[in-house]
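Examination of the molecular architecture
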Amino acid sequence: MIKISMLALTLGLMSFSAIAPVKSVVSKVSTVASSIVWNSETIDVGQIPQNTPKPIVFEFKNTGKTTVIVTNVQGSCGCTATDYTKTPIAPGKSGTIKATYNAVNVGAFAKTVSVTTNAETTPKTLTIKGTVVAASNGVKS
C-alpha cells in the first residue's frame, strides 16, 4: 500500500515539473498616425489660489477621414472632474476635453486625464500641472 502511494505521489510530482512549450508572440506596430491632433497635451496653469477650482480645456481636431467618438475621459484622482464633447466629431471638426482641478492642497501638482476614443488603440494621456498657493499670498485668479 505504501509503495502504491509513493508511486502515485512521484508520478503526480513529475507532472508538475513538465515545461510548457513557449509560444512566440509577434505584435503588429501600426505606422498610421492618429487622426486626432491636440493643440496641447500638457497645460501648465502656473500658480493658482488654494480652494479655487481651476478649469482647463484641452482642444483637439479630427484630421482623419472618419468620425471620432470620445468614449471615456478619466481623471487620475478624485480631485479632477472631467467633461468632454459627447457628440461625434466629424472630419475637420474640433472637440474639447475639460478638466477642473480642485486646488485644495498647497504645493506643486501634476495630474493626468486619460482620453479614450475610437481613433486610437490606447488612451491618450493629457497632463495638467502647476502650483497651488495659499489664498493669502495675493495670487489673482
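In this report, the structure presented in the accompanying data block is examined. Note that this is a predicted model, so its numbers are computed, not measured.

This next bit is on the sheet that holds strand β4 (residues 70–75). Here we have four strands laid out as an open sheet, ordered β2-β8-β7-β4, and mixed in their pairing. With one partner strand each, in any of the chains shown, β2 (42–49) and β4 form the two edges of the open sheet. For this sheet, the mean angle separating the axes of adjacent strands, direction not counted, is 20°. In this structure, β2 lies alongside strand β8 (residues 124–133), joined through six bridges in parallel fashion. In the strand pairing of β8, D44 is matched with K129.

What follows is about the nonpolar core. Nonpolar side chains in soluble globular proteins tend to end up buried together. Within the largest apolar cluster, 22 residues are counted, with the highest numbers of intra-cluster contacts made by W38, I97, Y101, V113, V115 and I128. Secondary structure elements with two or more residues in this core: β1 (36–38), β2, β3 (54–62), β4, β6 (94–101), β7 (107–117) and β8. With near-sequence residues (within four places) excluded, V113 lies in contact with V73, Q74, G75, T80, T82, I97, A99, K124, T125, L126 and I128.

Mapped onto the elements of the fold, T85 is located in the loop between β5 (80–84) and β6. There is a polar contact of 2.9 Å between the side chain of T85 and the backbone nitrogen of T96. Look past the residues within four positions of T85 in its chain and what remains in contact with it is V70, G95 and T96.

Considering all chains together, one arrives at two salt bridges under this definition. Here K124 makes a salt bridge to E41, at a shortest N to O gap of 3.4 Å. Within this pair, whereas K124 is found in strand β8, its partner E41 is found in the loop between β1 and β2, the two being separated by 83 residues in sequence. Take E41: its relative accessible area is 37%, and that puts it in the partly exposed class. Close ionic contact of D83 with K86 constitutes a salt bridge, the shortest N to O distance being 2.5 Å. Relative accessible area serves as the criterion here: at 39%, D83 is assigned to the partly exposed category. A relative accessible area of 54% places K86 in the exposed class.

So, how was this worked out
- Within any chain, residue numbers begin from 1 and follow the written order of that chain's sequence.
- Whole-chain, interface and lining totals are the exception, using all residues; otherwise, since this is a predicted model, local features are given only for residues with pLDDT of at least 70 and side-chain atom pairs are given and counted only at 80 or more.
- Side-chain numbers come from the whole structure's heavy atoms, not from hydrogens or water.
- When DSSP finds two or more bridges between a pair of strands, those strands are recorded as paired.
- Only runs of H or I of at least four residues qualify as helices and only runs of E of at least two qualify as strands under DSSP, and these elements are numbered from the N terminus.
- For helices, the axis comes from a line fit to the C-alpha atoms of the stretch in contact; other axes are also lines fit to C-alpha atoms, and the angle between any two N-to-C directions lies between 0 and 180 degrees.
- Residues enter a nonpolar core if they are buried and are Ala, Val, Leu, Ile, Met, Phe, Trp, Tyr or Cys, with the set joined through side-chain atoms within 4.5 Å.
- Between buried and exposed lies partly exposed: a residue is buried under 20% and exposed over 50% of the maximum accessible area for its type, with that area taken using a 1.4 Å probe on protein chains only.
- Contacts are residue-level and defined by heavy atoms, with any inter-residue pair within 4.5 Å sufficient.
- N or O atoms within 3.5 Å of each other form a polar contact, as long as, within protein, one can give a hydrogen and the other can take it, and as long as residues adjacent in sequence are counted only when both atoms are side-chain atoms.
- When a carboxyl oxygen of Asp or Glu lies within 4 Å of a side-chain nitrogen of Lys or Arg, that pair is called a salt bridge.

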